[in-house]
Amino acid sequence: MTIKRVETVRNYAVTFMLLISVSCTVADLPKSATVTVEVTAPDHLSLVVSTRFRTIDDTRVFGNADTIQITEDYTQIYALNEEARISATLINNGDLPEVVRLAVSVDGTVQFDRSGTLGPGESLPFEYQWVIRRP
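Calculation criteria
Residues numbered from 1 in each chain as written. Predicted model: local features only at pLDDT ≥ 70, side-chain atom pairs only at ≥ 80, totals over all residues. Heavy atoms only, no water. Core = buried A, V, L, I, M, F, W, Y, C linked by side-chain atoms within 4.5 Å. Buried < 20%, exposed > 50% of the residue type's maximum accessible area, 1.4 Å probe, protein only. Helix = DSSP H or I, 4+ residues; strand = E, 2+ residues; numbered from the N terminus. Contact = heavy atoms within 4.5 Å. Phe/Tyr/Trp six-rings, centres within 6.5 Å; stacked < 30°, edge-to-face > 60°. Lys NZ or Arg CZ within 6 Å of the ring centre and 35° of its normal.

**Comments concerning the nonpolar core**
In terms of nonpolar packing, the biggest core is built from 27 residues, with Val 35, Val 37, Leu 47, Ile 70, Ile 86, Leu 90 and Leu 102 touching the most fellow members. For this core, the elements supplying multiple residues, two or more each, are β3 (32-39), β4 (45-56), β5 (59-70), β6 (74-79), β7 (85-92), β8 (98-106), β9 (109-118) and β10 (123-129). Among residues more than four places away in sequence, those in contact with Ile 86 are Ala 33, Val 35, Val 49, Ser 50, Thr 51, Phe 53, Tyr 78, Leu 80, Phe 126, Glu 127 and Tyr 128.

**Description of the packing of aromatic side chains**
Enumeration according to the criterion identifies two aromatic pairs in this entry. Ring geometry for Phe 112 and Phe 126: centres 4.9 Å apart, planes at 40°, overall tilted. Of this pair, Phe 112 sits in strand β9 while Phe 126 sits in strand β10, and the two are 14 residues apart along the sequence. As far as burial versus exposure is concerned, Phe 112 and Phe 126 are alike and both buried. Considering the side-chain rings of Tyr 128 and Trp 130, the 6.2 Å spacing of their centres and the 35° angle between planes classify their relative orientation as tilted. When sorted by exposure, Tyr 128 lands in the same class as Trp 130, which is buried. Positioned above the aromatic ring of Phe 53 is the side chain of Arg 85, whose terminal nitrogen or guanidinium carbon lies 5.5 Å from the ring centre.

**Considerations on the side chain of Ser 105**
Looking at the element boundaries, Ser 105 is found in strand β8. Judged by relative accessible area, which is 19%, Ser 105 ranks as buried. Not counting residues within four places of it along the chain, the set of residues in contact with Ser 105 comprises Ser 32, Ala 33, Thr 34, Val 110 and Gln 111.

It is worth stressing that arrangement in space is one thing and function is another; only the former is reported here.
Following this line, the structure appears as structure tokens:
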């Protein structure tokens, strides 16, 4: 991932962010997340997905991240690791507004589903983290 993309993720203009914190036991950890992107006429859209990241001072620091160039509707299932977290950010790197939908389900339960117009330079972020309560 390039420095520009990291800066874009850090400085996103659209602030639709959702942090899900749920108490559970280790046995209850979710196993997978499905990320879906729907677009009308994609041009310069990218999706940054990570299952290993930290949020420090409102900035996401990635341990690993996949950057996918969106050219059509996209659906992918991501295996969740022992951290049981996922970050997905849809970014408009183009000069024109884009009509988009970003949806994320964890173990079949919808956690995030937003549609709308994403302006040039704007992003639509989602963050999910499962919290384990110790007995």
